[in-house]
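Each chain is listed here by its residues.
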Amino acid sequence: MYLKSPKGEMDGPNGSPTKTPNEPRYKKSKLENLVNQMTSQPKVNTLVFNFMVENVQSLSVLEQPAFRKLIEGLSGGKMSMTRNTFINGIMMAYSKMKEELKEKLDSVQSVCTTADIWSAHNRSYIGMTCHWIEKNELERKSAALACARIRGSHTFETIAAKIHEIHLAYNIENKLQATVTDNGSNFVKVFKEFSKGDNENYEDDIVEFQDVGTILDGADEAMHLFLLPHQRCASRTLNLIASHDLAQVLSHGETAQVYCSAMAKCFAIWNSVHQSPLAIAAVEDIEKMKLTAPSVSRWISEYSAVEKMVSLPETKLMDVCDCFGVPRLLSYEIAFLKEYINVFKPLAFALELFQGEQKCFLGLVIPTVLTLKKKLCEKKTLALYLLDVINPVVEAIDYRFKQLFASLDAKMATATTPQFRLWWLPEAEREDMHLMLVAEATRLELAEATRLEPTDGAPISSDNVQSEDEFFSFGPGTGNSDTEEEVRRYLEGTSKNLSCLKYFQRVRKLFLKFNAILPSSALVERLFSHNGNILTPKRNGLTDDQFEQVLLLRYNSKICTLDKIFPE
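Residues numbered from 1 in each chain as written. Predicted model: local features only at pLDDT ≥ 70, side-chain atom pairs only at ≥ 80, totals over all residues. Heavy atoms only, no water.

Examining the sheet that holds strand β3 (residues 140–150)
Pairing in this open sheet of five strands is mixed, and the strands run β3-β2-β1-β4-β5 from one edge to the other. The open sheet has two edge strands, β3 and β5 (230–232), and neither has a second partner. In this sheet, adjacent strand axes meet at a mean angle of 25 degrees when their direction is disregarded. Bridge analysis of strand β1 (residues 111–120) against strand β4 (residues 176–181) gives three bridges, and the strand direction is parallel. If you follow V111 over to β4, its bridge partner there is L176. (Pairing = 2+ DSSP bridges. Helix = DSSP H or I, 4+ residues; strand = E, 2+ residues; numbered from the N terminus. Axes fitted to C-alpha atoms, helices over the stretch in contact; angles between N-to-C directions.)

This is the structure we're talking about:
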């Protein structure tokens, strides 16, 4: 027996409706109608805009017939944006991104910037990035501030003016802790001439004599340029020790003969692999691995290339030499290269550590350098070829990092990092560092209290009036006992996790201030890594301003949204 459904159809034995021959079971919407309902023209423009920016596409893509047909087909007939629409979108998105970034930086306690200069196709650009630590999560955040065209010579006055102009544009000059750059002479001279701080050591710089009249003529323009202390890139400094100081010792000491012969054979193999695809295939046939030629400017890439070479079994290594017609590496040369890799492994590790981003703070540098020296000295017990090389390298580390060890900012950054506290200091110096932490924490509190004081002319309540005991700071029992107690409890703690700082709010503020400084300028170099993709002969339709805007939009896409550029 069949039951009648509410609509009048006859239901089957299981209660399922019976099918009528002229009516389908379900009505299906056409794909085109669904796309039209979901995709509007502003939505299409936003998707195309994000594709162009995030993948650094050439403007000519927008005019390619195949690309336009693709967009029309996928969007149900909607048109792809034109070149002019995209350029207008860049200006709107850049303006929105800059305002969002300025608003974000206004809420940050302390920042540092990194700067570098990049040249290509007869153009030069100064790039700047900004870095800070989120006060709640204690995570490193980064943003690109500029990639501005520099015309003419890269004089220290021009560079200083650009840096100052960028700082002012984002209102960060009053919360800036330091600007990190490489060790190039142009940047060193900028901060030698204009830095407020006196922690730079320029005794190695060449003394220059200039005409007094020339200096006075430009004094009015330069008087307003006062930059905060300069932080030299620790990664570049360590790379200089490895690529210059270490190479000098190896090339002139007792190890010179074995070092030069072994490395000459390695470079002959690397050059062959670099120049010939057949050579690459030959190496892969001998041993399933890829040998790469090291970068001349980066010692870590040379170290990695040597490490890969000596990881081959000796018979395979001989086959590689024979394959390229290179004299075979002798047994003592192989032994030297293996010892070279073992002894300087801590140096390679430290270099990689300094180039990190999220967990690399200024407070990491002093303990890393101290540990590096210790580990290098420990290698002397087993060293055969490099015994006389280690001491000069340690001396080079002391010499090139002497400014860092004299820096109060670096010491404060290290002491406020729970992983290190004061354990890295000799016992005799810990009490002085303890007192400096208390003094700096008290200074920060007073500065915050000053900002919260009523403005001129406002009534002052009795709560704001200090007693005589609070006003004078002489004799026993004076000072902020709460601050002293908190710093003492922090220094006696054992947790190495940053999360423990939530129990020490004053120390946390010191951490945010001093560890905002990055130890490396590697991040601004990564800003330039996409320049070669954007600034090409096929993409020369972009003006200097448009080039900068596209680059910054791409870099800052993680912290600033690119949607709602084309309103519905």
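Notes on the pattern of salt bridges
Evaluation of the coordinates by the stated rule reveals 19 salt bridges. Its salt-bridge partner being R443, residue E440 comes within 2.3 Å of it at the nearest N-O pair. In this pair, E440 and R443 are both assigned in helix α20 (residues 427–452), three residues apart and thus about one turn of the helix distant. Note that K513 is salt-bridged to E440, the shortest N-O span being 2.9 Å. With K513 in helix α23 (residues 505–514) and E440 in helix α20, this residue pair connects regions lying 73 residues apart in the sequence. The network of salt bridges with shared partners includes R123, R149, R151 and D544. (Salt bridge = Lys/Arg side-chain N within 4 Å of Asp/Glu carboxyl O.)

What about the side chain of K175?
For K175, the position within the fold is in the loop between α5 (156–169) and β4. Salt bridges are absent for the buried K175, whose nearest opposite-charge side chain, D106, sits at 4.9 Å. A distance of 2.7 Å separates a polar atom in the side chain of K175 from the backbone oxygen of L105. (Buried < 20%, exposed > 50% of the residue type's maximum accessible area, 1.4 Å probe, protein only. Lys, Arg positive; Asp, Glu negative; His and termini not counted. Polar contact = N/O pair within 3.5 Å; in protein donor to acceptor, adjacent residues only side chain to side chain.)

Considerations on the environment of W424
Looking at where W424 falls in the secondary structure, it is placed in the loop between α19 (408–415) and α20. Ignoring anything within four residues of it in the chain, the contact list for W424 reads I366, L370, K411, T414 and A415. Of note is the side chain of W424, whose polar atom sits 2.7 Å from the backbone oxygen of R421. (Contact = heavy atoms within 4.5 Å.)

Regarding the packing of aromatic side chains
Applying the stated rule across the entire model yields 12 aromatic pairs. Members of the aromatic cluster, connected to one another through ring pairs, are Y259, F336, Y340, F344 and Y385. The ring of Y490 carries R421 above its face, with NZ or CZ at 4.6 Å from the centroid. (Phe/Tyr/Trp six-rings, centres within 6.5 Å; stacked < 30°, edge-to-face > 60°. Lys NZ or Arg CZ within 6 Å of the ring centre and 35° of its normal.)

Re unusual backbone geometry
Within the chain, L138 stands out as a residue other than glycine whose phi angle is a positive 55 degrees. Tracing the sequence through the fold places L138 in the loop between β2 (123–133) and β3. Unlike most non-glycine residues, R421 shows phi in positive territory, near 45 degrees.

Details of the state of the cysteines
Per the counting criterion, the structure on display carries zero disulfides. A disulfide-free cysteine, C321 has its sulfur positioned 8.0 Å from the sulfur of C266, the nearest such atom. (Disulfide = S-S within 2.5 Å.)

A closer look at the packing of helix α12 (residues 299–310) against helix α15 (residues 345–354)
One can describe the packing of α12 onto α15 by two numbers: an axis separation of 10 Å at closest approach and a directional angle of 130 degrees. Put simply, α12 runs oblique to α15. As for how α12 packs across α15, the hand of that crossing is left-handed. Residue-level inspection shows W299, I300 and Y303 of α12 in contact with α15, the latter providing K345, L347, A348, L351 and E352. (Parallel < 35°, antiparallel > 145°, perpendicular 65-115°, else oblique. Left-handed = near helix turned anticlockwise from the far one by under 90°.)

Some details on helix α13 (residues 314–324)
Within the sequence span of α13, burial applies to L317, M318, V320, C321 and F324. Down the axis of α13, the buried side of the element spans an arc of 155 degrees, and every buried residue falls inside it. G325 occupies a position one or two residues after α13 and carries a positive phi of about 70 degrees. (Arc of directions from axis to C-beta.)

What about the confidence of the model for the protein chain?
The predicted coordinates ought not to be read in detail in places where the model reports low pLDDT. Across the protein chain, the average pLDDT comes to 79, with 74% of residues at or above 70. Mean pLDDT in the protein chain bottoms out at helix α7 (residues 212–217), which sits at 40, and peaks at helix α16 (residues 365–378), which reaches 95. Predicted confidence is poor over residues 198–223, with pLDDT under 50, and the contacts of this stretch with residues over four places away or in other chains come to 23 contacts. Residue range residues 475–479 is modelled with pLDDT below 50. Its contacts to residues more than four positions away, or to other chains, number three contacts. (pLDDT = per-residue confidence, 0-100.)

Here we look at helix α17 (residues 387–400)
Within α17, burial applies to V389, I390, V393, V394, A396 and I397. Projected onto a plane normal to the axis of α17, the buried residues spread over an arc of 160 degrees and lie on a single side. Among the exposed residues of α17, those pointing more than 90 degrees away from its buried face are D388 and E395. Where the residues of α17 are buried, they touch α9 (234–252), α14 (331–343) and α16.

With respect to the pairing of β3
Within β3, nine of the 11 residues are buried, which leaves it mostly tucked inside the rest of the structure. Sheet topology places β2 next to β3; 10 bridges connect them, and they run antiparallel. Within β3, the residue paired with S124 across the bridge is I150. Hairpin geometry of β2 and β3 is characterised by an intervening segment of six residues between the two adjacent antiparallel strands and by a positive phi of about 55 degrees at L138.

Quick look at the nonpolar core
Generally speaking, soluble globular proteins have nonpolar side chains that are buried together. Core analysis: the biggest nonpolar cluster contains 92 residues, and L238, W299, L337, Y340, F344, L376 and F401 have the highest contact counts within it. Looking at this core element by element, the count peaks at eight residues for helix α10 (residues 256–275). Among the nonpolar cores identified, the runner-up in size contains 60 residues, and I90, I117, Y170 and L527 belong to it. (Core = buried A, V, L, I, M, F, W, Y, C linked by side-chain atoms within 4.5 Å.)

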